[in-house]
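# Structural description and commentary
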Amino acid sequence: MSRPLPVYDFATPAAEEFPSIITLENTNVCNLRCIHCPQGQGFPDRPDFHATYMSWDVYTKAIDEIAQYPITLLRYSPDGEALIHPQFLDQTAYAKAKGVKPVGLTTNGVLLDNPAIEQGKRLPRKTMMERLLEIGIDLIDISLDAARKESYERVRVGADYHRVWSNIHRLLYHRDKMNAPTKIMLSIIVQPDITQEEVDEFVKYWTPLVDRVIVRGYLTNLGLTPSKPGTVVDQMSGVERWACPQFWKRITIGSDGSIRFCVVDWLEKTVIGTIGTHSIRELWHSDEYARLRKAHLEKRYADAHDLCGPCTDWMGMRWEWGFELAVDAVMGKRKVADQPPPLPNAATSGGIVPLTSIGRHAA
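### Focus on the overall build of the protein chain
- A tally of helices and strands in the protein chain yields 13 helices and twelve strands.
- Its C-alpha atoms give the protein chain a radius of gyration of 19 Å, near enough to 21 Å, the size a compact globule of 363 residues would have.
- Expressed along its principal axes, the backbone C-alpha trace of the protein chain runs to roughly 55 × 50 × 45 Å.
- Residue burial in the protein chain is summarised as follows: out of 363 residues, 57% are buried.
- Partitioning the contacts of the protein chain with sequence separation of at least 6, the portion at a separation of at least 24 is 75%.
- Total accessible area computed for the protein chain in this model is approximately 15300 Å², and 53% of it derives from carbon and sulfur atoms.
- The positive charge centre, built from 42 side chains, and the negative charge centre, built from 45, are 4 Å apart in the protein chain.

Structural data, given as structure tokens:
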């Protein structure tokens, strides 16, 4: 029996009113140079790159609007490492105090053991991870990407495997000791530099320890990272392109307050507004967003935007199997399978499929 096709529309009336996922980039600065990320492919060396840290004024204006609506996730990500921002604990505390829920952090985990700093002052004998748990952050998603020291440090250039491995275990220890409700997820990217054996080893080791393990496919970030054989593009050969779910699910706020429709757009070519000048809701209901959605539904991708036409990152964004499912699973909102339904006409069958999230240990 054939499975029903996904519905290319808003999932709920609330999602139509306001984006269900807000990706907020509090800085575009990162402490690592991972090989699968633009940060590791010369992005910070570009002449048009400017290290930026989101101002308190921009941040609070964004949060004040987000707090008015029910959402699936406020996610600190994507271009930089959020823990680098000197006001990150203050930012998280502000969002929680305003009632935003759930609040999630995507991090490389290196700085979780750094001393906690709030309101410009170092807290005695407190680490970042401890304060995040005390503040009540809802989700911490750590990008680990390897099961072994040698491959980890080859992929995540500039990181110390033992430090991050220890940080994860310490985070789990403090979470359980404090009986904190924070959920913890770990992720790995399937790429030629990591063997399938190591991916399986990663899943086997971490599944009993954390709330969910995510396995992601390698994407090229709109050409800012190199194509690699045997990854998403090859695996998705033969699959008909679908409308990008971002136009119905999420919006991204850059560290300078710019609002863009594409989370993968590191060069900010898809900016449609600015915090302080436009409201998020206003843009979500704008004629421009309606035009973009219509073009994608009609498969006129190049007409939607110059970046949409040649994009291959849509291959990692399935309508019926996105990151929001992993969030809902760990937050206890619904049960989610460990594997997604198969894609018709895909070049690969079984094994690891190039999806946004392949989860295990679901709630």
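### Quick notes on the packing of aromatic side chains
- Here the structure, examined in full by the defined rule, presents 17 aromatic pairs.
- Look at tyrosine 205 and tryptophan 206: their rings are 4.8 Å apart centre to centre, the planes differ by 90°, and that puts the pair in the edge-to-face class.
- The lysine or arginine in question, arginine 75, covers the ring of phenylalanine 323, its NZ or CZ lying 4.0 Å from the ring centre.
- A cation over an aromatic ring shows up here: arginine 241 above the ring of tyrosine 301, its NZ or CZ 3.9 Å from the ring centre.

### What to know about the layout of surface pockets
- Approximately 430 Å³ is the volume found for the largest pocket.
- What lines the largest pocket is a set of 21 residues, among which Ala11, Thr12, Lys249, Glu324 and Arg334 lie closest to the centre.
- The set of elements that each furnish at least two residues to the lining of the largest pocket consists of helix H1 (13–17), helix H9 (246–249) and helix H13 (323–330).
- By residue number, the principal contributor to the lining of the largest pocket is H13, which donates three residues.

### A look at unusual backbone geometry
- Following lysine 101, the chain continues into proline 102 via a peptide bond in cis, with omega recorded as -5°.
- Mapped onto the elements, proline 102 comes out in the loop between helix H3 (88–97) and strand S3 (103–107).
- Phi at arginine 125 takes a positive value of approximately 55°, unusual for a residue other than glycine.
- Take arginine 125: it is sitting in strand S5 (residues 121–127).
- Positive phi values are uncommon outside glycine, yet leucine 222 reaches one of about 55°.

### Quick notes on the environment of glutamate 320
- Along the chain, glutamate 320 falls in the loop between helix H12 (301–304) and H13.
- The partly exposed category is assigned to glutamate 320, whose relative accessible area is 26%.
- Taking the C-alpha atoms as reference points, glutamate 320 and glycine 99, 221 residues apart in sequence, are found 28 Å from one another.
- Side-chain polar atoms of glutamate 320 contact the side chain of arginine 318, separated by 2.7 Å.

### Description of empty space enclosed by the protein
- Taken as a whole and judged by the stated rule, the model has three cavities of 30 Å³ or more.
- Size it by volume and the largest cavity reaches roughly 970 Å³.
- In this structure, the largest cavity is lined by 45 residues; those nearest its centre are Arg75, Ser77, Pro78, Arg216 and Asn221.
- If you list the elements that add at least two residues to the lining of the largest cavity, you get strand S1 (21–24), S3, strand S7 (183–190), strand S8 (212–217), H9 and H13.
- Here the lining of the largest cavity is composed, by residue class, of 17 nonpolar, 16 polar and twelve charged.

### Examining the packing of helix H4 (residues 128–135) against helix H6 (residues 161–178)
- Relative orientation of the contacting elements H4 and H6 amounts to 35°, with a least axis distance of 10 Å. By crossing handedness, the relation of H4 to H6 is classed as right-handed. Two secondary-structure elements touch here, H4 through Met129, Glu130, Leu133 and Glu134 and H6 through Asn167, Arg170, Leu171, His174, Arg175 and Met178.

What counts as what
Residues numbered from 1 in each chain as written. Predicted model: local features only at pLDDT ≥ 70, side-chain atom pairs only at ≥ 80, totals over all residues. Heavy atoms only, no water. Helix = DSSP H or I, 4+ residues; strand = E, 2+ residues; numbered from the N terminus. Rg over C-alpha atoms; globule rule 2.2 N^0.38 Å. Buried < 20%, exposed > 50% of the residue type's maximum accessible area, 1.4 Å probe, protein only. Contact = heavy atoms within 4.5 Å. Areas by Shrake-Rupley, 256 points an atom, 1.4 Å probe, with all protein chains shown as cover. Lys, Arg positive; Asp, Glu negative; His and termini not counted. Charge placed at Lys NZ, Arg CZ, Asp CG, Glu CD. Phe/Tyr/Trp six-rings, centres within 6.5 Å; stacked < 30°, edge-to-face > 60°. Lys NZ or Arg CZ within 6 Å of the ring centre and 35° of its normal. 1 Å grid on protein atoms, 1.4 Å probe; cavity = no way out; pocket = protein on both sides within 12 Å on 5 of 7 lines; lining within 4 Å. Points joined across faces, edges and corners; volume = space filled by probe spheres on them. Polar contact = N/O pair within 3.5 Å; in protein donor to acceptor, adjacent residues only side chain to side chain. Nonpolar A, V, L, I, M, F, W, Y, C, P; charged D, E, K, R; others polar. Axes fitted to C-alpha atoms, helices over the stretch in contact; angles between N-to-C directions. Left-handed = near helix turned anticlockwise from the far one by under 90°.

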